[in-house]
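So you can see what is in the structure, the chains are spelled out below.
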Amino acid sequence: MTTIFFSILSLNRRFATGGNERLFFEEGVNLLVGSPNTGKTKWLQTLDYLLGDPGPDPFEDDEDEGLALKYDAASAQIRIGEQTFWISRRWKEPGGKGKVYVDQEPMLAREFQHWLLDKLGIPLLNFPKGNPMSGQTWPELSFRMLLRHIYRRQGFWTDLADRQPEAEQLACVLQFSGLAEHIFTSDYGTLVEYKLQVEKLKLQRENYAAALNQLSRELLADGDIQLDVSAATIAAAKTRLEDHRTRLLQERDALLSTAADAVLPAGQRSRVAELGVLRAATSVGIEEISRRQKEAAERLGEVERYRLDLTEEIKRMDRAADAGAILADLRITHCPACDQTVRPTIGHSHDCFLCHQHLPADPMIEGMGTARLRFERDRLVGELAEADELLAMIGREAEKLAADVAAAETELRAIDRELAPARSTVAALAQDNVSAIDLMVGQINERDRQLDRVIEALGVGLEITREIAELEKLIAPLEISVAASTRAIDFDIPAEQLEVGMNAYLETLNQLQPQTWRHNPVRVELSGRAFRVLVGRRIWSKALGGTDSLYFLMAYHYGLLTLSTIKDCHYPGLVIIDVPGDFLGEKIGDKENFIVQPFIDLLSRDDYARAQVIMTGASFEGLDGAHFQRLTHVHIA
């Protein structure tokens, strides 16, 4: 994809009292010339504000509020590719703060940035600030972030983009190099999101398991669970409890049998045993009848609901039949397709007047709708009768089951009355031991119920494990896709392109004035995780000082500008530099022509014909090949 160039054609400010002041720019190198306090920086601040600064006005950072009162609006004519647009800001107009007007159409600052990126053909994407797995939301890589590398403010000469985090600088350079869209892909974002979810679920599972272990040991007896809680340890604990319960019940039966043998006469023992068997059978019978009674009640409820639905449907059928009788005489007066009045046409009397199809000779067609309704109603009436018969049958069955339960309960009470004397006699002998055993059995039953509750709680952990497994199934193909995409990226090529551009600028300086750059060549290191610019083996900010840093940062802008003619790069071919009057204590007035000349030479080439550089300075005397805008009025505080 060929880069779409971005340039400024004019810049305007409107006085609050009426009237305008204007600067004109051309493609190529534009030099904004004037002595100190002639307003060069304020003009660039105005341009910065027009390019989407969300502040209330261009001069919000100024201690003197006079400029914000002096002007009430600003505008610029810009060229993007082959199109020209007017952009304006009206900070004193009601509702105008925070809005950018593009050809009179208002946009919020964020919308304007999206519009700019779209017009420049720069993809809108999100990027991670720092570790992608940190869990932080990925912010948009906005035009304002990119502008930090395009426009260098007068006080921002200590970093490639002052006050910009390293992760943001990396994202901007990757965007300019055309790599960001292949790194910060939707698949990559989805992969990171899934991995974060898996990590959260694993931590949740670990915390849940630890809490469950602790609570289980507090709730259950010491011997129930000896290891961590799991399905296997719970099953083993339940088996031990069941064995213990069985032994206790056997001991209880033995105690009762021994006591019965000791206190009951031999002839009465067989009757007691018979009653015991009969009582057990009766209890089982009551449980079975109660189950069938419950099922009958559920069937009865279902049939009653079905009967109610049939009744409502029959009522709807009757209403439809009544409506059909009322509307039968209505005739079509307008075409259902075009809503025009239907007029009789000359034709056969046996044809439909609307669709002109032949009508059947038999008039039965007129009664077909009524017949269908009648047939459907008769069917529903038949089903209603069947439902009534089924209700009656189920009702009789429910009444019989209720009678059977009452009879079985009466028989059970009679057995209990007959067993009562024998129970009292046996209980007097074995009551203490039997009560102790019953107490232990009750405790075992409660512990067994607690284990069942723990099994239910384990299900939550298993559900978390299932969610993790489902996410890992989604992660696997994404990892393959992202890894393949990353392997296909050659970071060395764009790093070398920026490196070549920066070194070309420094070499040009040496040609113009030998020994200007006495350091090693610049070396660029670029990857998906880091961006570093070295001089020799050291980071540039630690290796350079004084005007060498000035030369280096100018070389950085020059290098970025060279990307604008490289296929698939996204640098928009615009550089705006507000050169300070002095740099780290050194006057640079005598270096102005010297640092600008490489840009003039570069933009004189045909492939840079649409590129633009706007730079401030004090004089630029004797410099050819640039467009000058001279500011002469000195503003006195």
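Before reading further, recall that the structure is shown in the block above.
Here's a quick rundown of the structure. (Residues numbered from 1 in each chain as written. Predicted model: local features only at pLDDT ≥ 70, side-chain atom pairs only at ≥ 80, totals over all residues. Heavy atoms only, no water.)

Describing helix α13 (residues 547-562)
Over its 16 residues, α13 runs 23 Å from end to end, which matches the ideal 22 Å to within 8%, given 1.5 Å per residue. Summarising burial for α13: 16 of the 16 residues are buried, a large majority. (Helix = DSSP H or I, 4+ residues; strand = E, 2+ residues; numbered from the N terminus. Expected span 1.5 Å × (residues − 1). Buried < 20%, exposed > 50% of the residue type's maximum accessible area, 1.4 Å probe, protein only.)

So, the sheet that holds strand β9 (residues 522-526)
Pairing between the strands of a sheet comes from backbone hydrogen bonds, and it takes one of two forms, parallel or antiparallel. Ordered in space as β9-β10-β11, the 3 strands form an open sheet in which the pairing is antiparallel. One side of each edge strand has no neighbouring strand; the edge strands of this open sheet are β9 and β11 (538-539). Each of β9 and β10 (531-535) touches helix α11 (residues 492-512); the most contacted strand, β9, lies at about 160° to it. (Pairing = 2+ DSSP bridges. Contact = heavy atoms within 4.5 Å. Axes fitted to C-alpha atoms, helices over the stretch in contact; angles between N-to-C directions.)

Regarding the pairing of strand β6 (residues 99-102)
Summarising the sheet, strand β5 (residues 83-89) and β6 pair through 2 bridges and their orientation is antiparallel. In the strand pairing of β6, I87 is matched with V102. Where β6 lies against strand β7 (residues 105-108), 4 bridges are found, and the strand directions are antiparallel. Within the sheet, the bridge partner assigned to K99 lies in β7 and is L108.

With respect to unusual backbone geometry
A positive phi angle, close to 70°, is found at N37, a residue other than glycine. Topologically, N37 is positioned in the loop between β3 (28-33) and α1 (40-50). Look at N37 and you get exposed, because its relative accessible area is 55%. One non-glycine residue, Q515, lies in positive phi territory at about 65°. The residue Q515 is located in the loop between α11 and β9 in this model. The class for Q515 is exposed, based on a relative accessible area of 58%.

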